[in-house]
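Listed below, chain by chain, are the residues.
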Amino acid sequence: MVMSSSNNEEKSNRLRKKAEKILQQQGVQDPTLYKKDLESLVEELNIHQIELEQQNEELKRIHNELEVSRDRYSDLFNNAPVGYFIILRDYNIVNVNNKGQEMLESQNGDLIGLPFTKYIHPDSQDTFYFHLKEVIDKGNHQSCELQLRTTSGQSFYVNMESIPVKSADTEDKDDYDSIRAAIVDITAQKEKEQISRQFSAIVNSSDDAIVSIDKSKKITSWNTGAENIYGYKAKDVLGYPPD
């Protein structure tokens, strides 16, 4: 009987030490807890185990939600119908989506780490420099028009909309080190504008009277030739029906 009692006490001490060790590993610092009897200690251990399991389930849920959110963002970024670029202050490209790569005739992330200025036409280099400076230094949303060049040297026009991106290693809310830029090809629009300017120049330089009238039979254009022949200035007839 003495031997049995001694064995039970030794077993109880081992269980107690094991329970105390587990609680210590779980970060339980309450000193009064370790003075309780073994039954209370084991009960406390079970409570902490349940709490840890609940916390673990919550962490798994949050992790899964973050993964879903990340996948949605990645899909939106990579498959957007416009070019998305993240560009550092030193002009290097940090990230670019599929459309952006397609616009510059690149693929498989070849643009990452390269200077964006490599793909800017000389006529637009200054425009981009001041655009980037304005966005990063002042933290302003800005837009500009640029002439870019593809890998093969083909030129095209784009509209760039940029917002500042805060530096990851600073707490200063106004410390920006890069921009997020959305780029839309406006080449067709620029070509139409060029044709329109050329046509206007031809019309205005003609000695003949050239007049345009819309569907409501109102004058929409009145060239210099018409002014000379009919004696009316354009400002006096535009928007009125011809007599």
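Refer to the structure above for everything that follows.
The rules behind these values
Along each chain, residues carry numbers from 1 onward, in the same order as the chain's sequence is written. For a predicted model such as this one, the threshold for reporting local features is a pLDDT of at least 70, and the threshold for listing and counting side-chain atom pairs is 80 or more; totals across whole chains, interfaces and linings nevertheless cover every residue. Remark: hydrogens and water are excluded; side-chain values derive from all non-hydrogen atoms of the structure. Working definition: helices are DSSP H or I runs of at least four residues, strands are E runs of at least two. Numbering for both runs from the N terminus. The cut-offs for exposure are 20% and 50% of the maximum accessible area for each residue type, with area from a 1.4 Å probe on protein chains only; residues under the lower value are buried, those over the upper are exposed, and the others partly exposed. Pairs of residues are marked as contacts when any of their non-hydrogen atoms sit within 4.5 Å. What a helix should span is 1.5 Å times the count of its residues minus one. This arc is taken over the directions from the axis of the helix to the C-beta atoms. What makes a patch is a set of residues exposed beyond 30% relative accessible area and free of salt bridges, joined within 9 Å when like-charged and within 5 Å when nonpolar (Val, Leu, Ile, Met, Phe, Trp, Tyr). Under the convention used here, a 1.4 Å probe and the Shrake-Rupley method define accessible areas, while residue burial counts only the protein chains that appear. Counted as salt bridges are all cases of a side-chain nitrogen of Lys or Arg within 4 Å of a carboxyl oxygen of Asp or Glu. Two strands are counted as paired when DSSP detects at least two bridges linking them. With axes taken as lines fitted to C-alpha atoms, and helix axes fitted only over the stretch in contact, angles between N-to-C directions fall between 0 and 180 degrees. In summary, the pairing rule links any two rings of Phe, Tyr or Trp, Trp by its six-membered ring, whose centres are within 6.5 Å, and it sorts them by plane angle into stacked for under 30 degrees, edge-to-face for over 60 and tilted for everything else. Two conditions define a charge located above a ring, namely a distance within 6 Å from the ring centre to NZ of Lys or CZ of Arg, and an angle within 35 degrees of the ring normal.

Novice: Could you give me a rundown of the overall build of the protein chain, with the residues and numbers involved?
Specialist: Scanning the protein chain from terminus to terminus reveals 7 helices and 7 strands. Sequence-ordered secondary structure for the protein chain, helices as α and strands as β, is α-α-β-β-α-α-β-β-β-α-β-β-α-α. In the protein chain, buried positions account for 27% of the 243 residues. Sequence-distant contacts in the protein chain: of pairs separated by 6 or more residues, those separated by 24 or more amount to 35%.

Novice: Before we move on, can you summarise helix 4 (residues 125–138) with the specific residues and values?
Specialist: The terminal C-alpha atoms of helix 4, which comprises 14 residues, lie 20 Å apart, in line with the 20 Å expected from a rise of 1.5 Å per residue. Looking only at helix 4, the buried set comprises F128, H131, L132, V135 and I136. Projected onto a plane normal to the axis of helix 4, the buried residues spread over an arc of 110° and lie on a single side. Counted as exposed and oriented over 90 degrees from the buried face of helix 4: D126, F130 and K138. Note on helix 4: the residue one or two positions beyond its end, G139, has a positive phi of about 70°.

Novice: Can you explain a nonpolar patch on the surface? Please cite residues and give values.
Specialist: A surface patch of nonpolar side chains, about 510 Å² in accessible area, is lined by V211, I213, I229, Y230 and Y232. Taken together, the elements giving at least two residues each to the nonpolar patch come down to strand 6 (211–213) and helix 6 (224–230). Within the element layout of this structure, V211 appears in strand 6.

Novice: Summarise the sheet that holds strand 4 (residues 155–166); cite the residues concerned and give the values.
Specialist: Here we have 5 strands laid out as an open sheet, ordered 2-1-5-4-3, and antiparallel in their pairing. Whereas interior strands pair on both sides, the edge strands pair on one side only; in this sheet they are strand 2 (93–96) and strand 3 (142–149). Strand after strand, the sheet turns through a mean of 30° between neighbouring axes, direction not considered. Of the strand pairs in this sheet, strand 1 (residues 83–88) and strand 2 are connected by 3 bridges, and their pairing is antiparallel. Among the inter-strand pairings, F85 is bridged to a residue of strand 2, identified as V96. Sitting on the sheet, helix 4 touches strand 1, strand 3, strand 4 and strand 5 (176–185), and the angle it makes with strand 3 is about 145°.

Novice: Explain the pairing of strand 5 residue by residue, including any values.
Specialist: Every regular strand shows the same layout, with side chains that alternate between the two sheet faces. In this sheet, strand 5 lies alongside strand 1 in antiparallel orientation, the contact comprising 6 bridges. Each residue of the ladder has a partner; that of I86, found in strand 5, is R180. Bridge count for strand 4 against strand 5 is 9 bridges, and the pairing is antiparallel. The residue of strand 5 that forms the bridge with M160 is I183.

Novice: Got a sec to walk through the packing of aromatic side chains? Specific residues and values, please.
Specialist: All chains considered together, the criterion is met by 5 aromatic pairs. A ring pair is formed by Y91 and F128, whose centres lie 6.2 Å apart and whose planes are at 55°; its orientation type is tilted. One end of the pair, Y91, is in the loop between strand 1 and strand 2; the other, F128, is in helix 4, and 37 residues separate them in sequence. Judged by its relative accessible area of 1%, F128 falls in the buried class. Ring pairs connect the aromatic residues F85, Y91, F116 and F128, which therefore count as one cluster. When the ring centre of Y157 is taken as origin, the NZ or CZ atom of K190, which lies over that ring, is 5.6 Å away.

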